[in-house]
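Geometric and topological summary
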Amino acid sequence: MGIGLEINAVMEETDENSLKLNKIDITPKQSFGLNQLREKLPTHLKELFNRSLANLNNQQAGKKHINADGLSRIPDDIEACRNYRPDVNLEELPCGGLELHEEQMKDSDLKTLKRWIEDKYEPTKAELKLCSEVVRHFWSLRQQIQIKDNILLYKWEDPISPRLLFMTPKQMQKELLHGCHDVVSSGHMGQYKTLEKLKQIAVWLNMTQSCKLVHDIARDNLKASQERQKGIYDLKYNQNVYNVGDVVYKLNQATKVGQSAKLKSPWKGPYLITAWRSPVLYKIKDRKTESWIHHDRVKLCEDRELPIWIKRMRNQLMDQTMDEEPNEI
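For the structure given in this document, a descriptive report is provided here. Predicted, not measured: the structure shown is a model, and the values here were computed from it.

**Some points on the overall build of the protein chain**
Looking only at helices and strands, the protein chain has ten helices and 13 strands in total. Here the protein chain holds 329 residues, and the buried ones make up 26% of them. Residue pairs in contact within the protein chain that sit at least 24 positions apart in sequence constitute 47% of those at least 6 positions apart. Surface exposure of the protein chain reaches about 24,500 Å², of which carbon and sulfur atoms provide 52%.

Rendered as structure tokens:
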């Protein structure tokens, strides 16, 4: 097929979900069928054409299509799990590979609620007082509790998005918090966003306090990690120590428009150290200005000849502090 040939392909879908290629017009006055077109193709293009045509004829419905393309899906009989991700094992899911109702039955509070609702039992006030706070709280909201597929669900009556929430047993609360915050796909959101994400799928008593407690623990761990990293940094820290009266140069990283930083000296000065506020913060002064600067941005001046004005300023500073103890670090 040469350059400039116009090819117009018309695709039709049959009842068997297969695709049939109609005639291809090569010139306005002449048309060829598939067999004639195959004869006019080069050998390497003919093989590619035959493979493509075979794939089109054998293509099945999208759900059963197993060709290696971006839309292929291999059918299976496994029920989809809302917590499943390709990068985790089944044992790491919140359900632990078990039925959710079995996990609920391990919780004594949810087990009691489920038994009362199924038996339509009305406990007395004395019995309720002997039960836990969880049982008393949800029993007062028993009109919102439903049993579906043998699982306790809480009906959240939201005028915008009403939904059924999973009544989470105690042993699964930590795993749900982990899944809504710690995993990479959760984004490590803050306290309120994590809580809103939890409210979309689950409910338990004092869920807000649980979320706050987890974030407080995370902040404490982060603070401890910062202090540990600071200790490691301080061990390798190289501090430059200067005294009042030392002559130093200041690191000048500012550049003017049109000037190249490679063609100017990175150090500016000299300056005179007149005071210090901390082991890393010094006050420097030149003829007209003075400022506070970090020790990493100054270096000791080792010039043999110093300007007269800085010698005079240095002598005046020494005279003022002659009767005092030397202010050294």
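**A word on the packing of helix α7 (residues 170-181) against helix α8 (residues 191-199)**
Two elements in contact, α7 and α8, have axes whose closest approach is 10 Å; the angle formed by their N-to-C orientations is 115 degrees. Note on packing geometry: the crossing formed by α7 with α8 is right-handed. Where α7 approaches α8, its residues Leu176, Leu177, Cys180 and His181 are matched on the opposing element by Thr194, Lys197 and Leu198. For the contact of α7 with α8, the per-class residue count stands at four nonpolar, two polar and one charged.

**Some remarks on the side chain of His215**
The topology assignment puts His215 in helix α9 (residues 207-235). One polar contact links the side chain of His215 to the main-chain amide nitrogen of Gln191, over a distance of 3.3 Å.

**Some words on the environment of Asp216**
By the secondary structure assignment, Asp216 is in helix α9. Spatially, the C-alpha atom of Asp216 lies 9.3 Å from that of Gln191, the residues being 25 residues apart in sequence.

**Things to note about the sheet that holds strand β5 (residues 145-148)**
Strand order across the open sheet formed by four strands is β5-β6-β7-β8, with mixed pairing between neighbours. Because the sheet does not close on itself, it has two edges, and the strands there are β5 and β8 (202-203). Bridging between strand β7 (residues 163-167) and β8 involves two bridges; their strand directions are parallel. Bridged to Met167 within β8 is Val203.

What counts and how
Residues numbered from 1 in each chain as written. Predicted model: local features only at pLDDT ≥ 70, side-chain atom pairs only at ≥ 80, totals over all residues. Heavy atoms only, no water. Helix = DSSP H or I, 4+ residues; strand = E, 2+ residues; numbered from the N terminus. Buried < 20%, exposed > 50% of the residue type's maximum accessible area, 1.4 Å probe, protein only. Contact = heavy atoms within 4.5 Å. Areas by Shrake-Rupley, 256 points an atom, 1.4 Å probe, with all protein chains shown as cover. Axes fitted to C-alpha atoms, helices over the stretch in contact; angles between N-to-C directions. Left-handed = near helix turned anticlockwise from the far one by under 90°. Nonpolar A, V, L, I, M, F, W, Y, C, P; charged D, E, K, R; others polar. Polar contact = N/O pair within 3.5 Å; in protein donor to acceptor, adjacent residues only side chain to side chain. Pairing = 2+ DSSP bridges.

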